[in-house]
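Chain by chain, the residues:
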Amino acid sequence: MGAILFCLIISHELYIISTLTHFLIIFHHSSQSHRFGGRGGRGGRFGRGGRGPWRDRIDRQASVSVRPDWRRVEEVDLSKLSKGTSPLSALIDNSPPKGVEDLAWCGFLDQYNDQYDRVSTRTPAPIKRVETKEFYPVTTTDDPVIEKLAIENKGTIFATDAILAHLMTCPRSIYPWDIVVQKLPTGALFFDKRDASQFDYLTVHETSNTPPTPVRDNSNEEELVNSPERLSLEATMINQNFTQQILRSSKYRTNFDYPNPFWDEEDNDGMEPASVAYRYRKFDLGDGVNLVCRTELHGLAKDRQKADTSKIVTNVSANKMKKKKQTTALEDVPDGDQYMTAYALNEYDPSYVANAPPARPGTSINWREKIDNQAGAVLASELKNNSFKLAKWTAQSLLAGASQMKIGFVSRSSPKNAYDHVMLAVQTYRPTDFARQITLNQNSMWGIMRLFIKLLENEPEGKYVIMRDPNRAIVRIFGVPVGTFEDSDAGSDDDEDDEDGSDEDEEGGDEKEEKE
């Protein structure tokens, strides 16, 4: 009798276990269906929001190859740094600079032409190629003025506004990049860019959900024109042409204390420097750290408001802001004019690419339909697709002390023609207001820059490389040999010779790539 009772109990427990297992399997499939958007789930057939199948992953290559003799100094997780959960968060000091001082003014500025404020889709302005202007994206250590200021011990950190703004806003970056740092025996740091890098080229749709994809080797011209490299070159040329076209003639020019330090009058070949004023500024970061930065201004514009609030926030101005609930100007521009910067956004629609799948609703906006009456919608779309580029421009404008920032909206005359463009609108923003609009915090900018300075503070003299991982939101700092990058051209030629001797087919492939 006991044996029969024992068998009944065991069979009953097995039935319960089988029923529970069956229930768990059904619940698991149901939860997976809801999670990944199965039929009847939250996202419909193709996932959350019905976005369609997963896009192919783009595995990007690093901007520079890490060599075996490089020494890793530190690794910074940008996503954790933004959330405040990084182990390095304790090193961040978000306090603004204690003061800002102008050290030198070089170059000249032309007056902004107000007629471009009336540009619209009905009366667009063709973009003209500026063939007689010279632009000088000179790095920090090649700047003679910075060299002179360093000899005079005017600062301990030296950089250009482009490099400084790049580091300050790097949490928004997606593409790989690298910056070289030279540390002298005195402890002074020089932030540089590599000569062969793509640092000065503008990106297009870097932070978009549908960024430009690399093209195949056998691509036709229609596909090549929308490749990331060609789009970057197109955007850079548009930006340069725009900054000079919107200015009036040299009759309304304002010259500063010193001429353009990079201009050689004897070797001009009928060229002249672009309208740029180089404003060398010193930012007091406290604890004996003085950052000297070469900033750029692009023109003079009429003062639209009596009070100028678009200045670098310092401890002094922040205290006044708390007491008076406003920020006062550090200095006034003579004759009622204000310093301005100018940049151009160019329209890019992923559906223009050959054989591209239909774009998802809301991923792109036709500028010609929206820019006149819904400029805010166009700007919101660009803030999503070009967040890093816009943040960097805003940071540069703040560093230069610009009161106005002109942003031009430029589009191709024809979607397949990457050489002719028209200006559809020019919008004016005050940098501090625009920074708040794009959620760019000035204090966080300075906190990130201070972090990089502190990470190199206790390192020995030498050369270092700050580089972003090509596929992850991680920045690594490496200590590299002093001669790194200085003979890169010669080294690459030797490597090509070795490859040519070992495989003739690779030589033909290399030549084909160079021609493209």
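Quick caveat, the model's predicted, so the values are computed rather than measured.

### Brief notes about the pattern of salt bridges
Considering all chains together, one arrives at 19 salt bridges under this definition. Its salt-bridge partner being Arg 476, residue Glu 75 comes within 2.9 Å of it at the nearest N-O pair. Here Glu 75, found in strand S1 (residues 71-77), pairs with Arg 476, found in strand S17 (residues 474-480); they are 401 residues apart in sequence, far enough to count as distant. Arg 412 is paired through a salt bridge with Glu 234; the nearest N and O atoms lie 2.8 Å apart. Taken together, the residues span a long stretch of sequence, with Arg 412 in strand S14 (residues 404-414) and Glu 234 in helix H6 (residues 228-245) at a distance of 178 residues. An identical accessibility class is assigned to Arg 412 and Glu 234; each is buried. Overlapping salt bridges bring together Arg 72, Glu 75, Asp 469 and Arg 476 as one network.

### Brief notes about the packing of aromatic side chains
As enumerated under the stated definition, the model contains 11 aromatic pairs in all. Geometrically, the ring pair formed by Trp 105 and Phe 256 is stacked, given 4.9 Å between the ring centres and 20° between the ring planes. Of this pair, Trp 105 sits in strand S2 (residues 99-109) while Phe 256 is found in the loop between strand S8 (254-255) and strand S9 (272-273), placing the two residues 151 residues apart along the sequence. With 4.8 Å between their ring centres and 10° between their planes, Tyr 343 and Trp 393 make a pair best called stacked. In this pair, Tyr 343 sits in strand S13 (residues 337-346) while Trp 393 sits in helix H10 (residues 387-400), placing the two residues 50 residues apart along the sequence. We note that Tyr 343, like Trp 393, is buried. Taken together through their ring pairs, the aromatic side chains of Trp 70, Phe 478 and Phe 485 make up a single cluster. One residue, Arg 248, lies across the ring of Tyr 252, its end atom 3.7 Å from the ring centre. The positively charged end of Lys 392 is found above the aromatic ring belonging to Phe 199, 4.3 Å away from the centroid.

### Quick notes on the sheet that holds S1
Across the sheet, which stays open at both edges, the 10 strands sit in the order S1-S17-S16-S6-S7-S5-S11-S10-S2-S8 with mixed pairing between neighbours. Unpaired on one side and paired on the other, S1 and S8 mark the two borders of the sheet. The pairing of strand S6 (residues 178-183) with strand S16 (residues 462-468) spans 6 bridges and is classified as antiparallel. Pairing of Asp 178 across the sheet is with Met 467, part of S16. Each of S2, strand S5 (157-160), strand S7 (189-192), strand S10 (277-286) and strand S11 (289-297) is contacted by helix H3 (residues 144-151), which is oriented at about 170° to S5, the strand it contacts most.

Scoring rules and cut-offs
Each residue is numbered by its place in its chain's sequence as written, counting from 1. Thresholds applied to this predicted model are a pLDDT of at least 70 for local features of residues and 80 or more for the giving and counting of side-chain atom pairs; totals over whole chains, interfaces and linings are not thresholded and use all residues. Computation of side-chain values: all heavy atoms of the structure, hydrogens and water removed. Here, a salt bridge means any Lys or Arg side-chain nitrogen found within 4 Å of an Asp or Glu carboxyl oxygen. Numbering of helices and strands runs from the N terminus, with a helix taken as a DSSP run of H or I at least four residues long and a strand as a DSSP run of E at least two residues long. Relative accessibility decides the category of a residue: with a 1.4 Å probe and only protein chains considered, values under 20% of the type maximum give buried, values over 50% give exposed, and everything between is partly exposed. Centres within 6.5 Å make a pair out of two Phe, Tyr or Trp rings, where for Trp the six-membered ring is used; the pair is then stacked when the planes are under 30 degrees apart, edge-to-face when over 60, and tilted otherwise. Two limits define a charge over a ring: the Lys NZ or Arg CZ must be within 6 Å of the ring centre, and within 35 degrees of the ring normal. Two strands form a pair only when DSSP identifies at least two bridges running between them. We call two residues contacting when some pair of their heavy atoms lies within 4.5 Å. Axis geometry follows a simple rule: fit a line to the C-alpha atoms, using only the stretch in contact for helices, then measure angles between N-to-C directions, giving values from 0 to 180 degrees.

These figures come from the coordinates and say nothing about function on their own.
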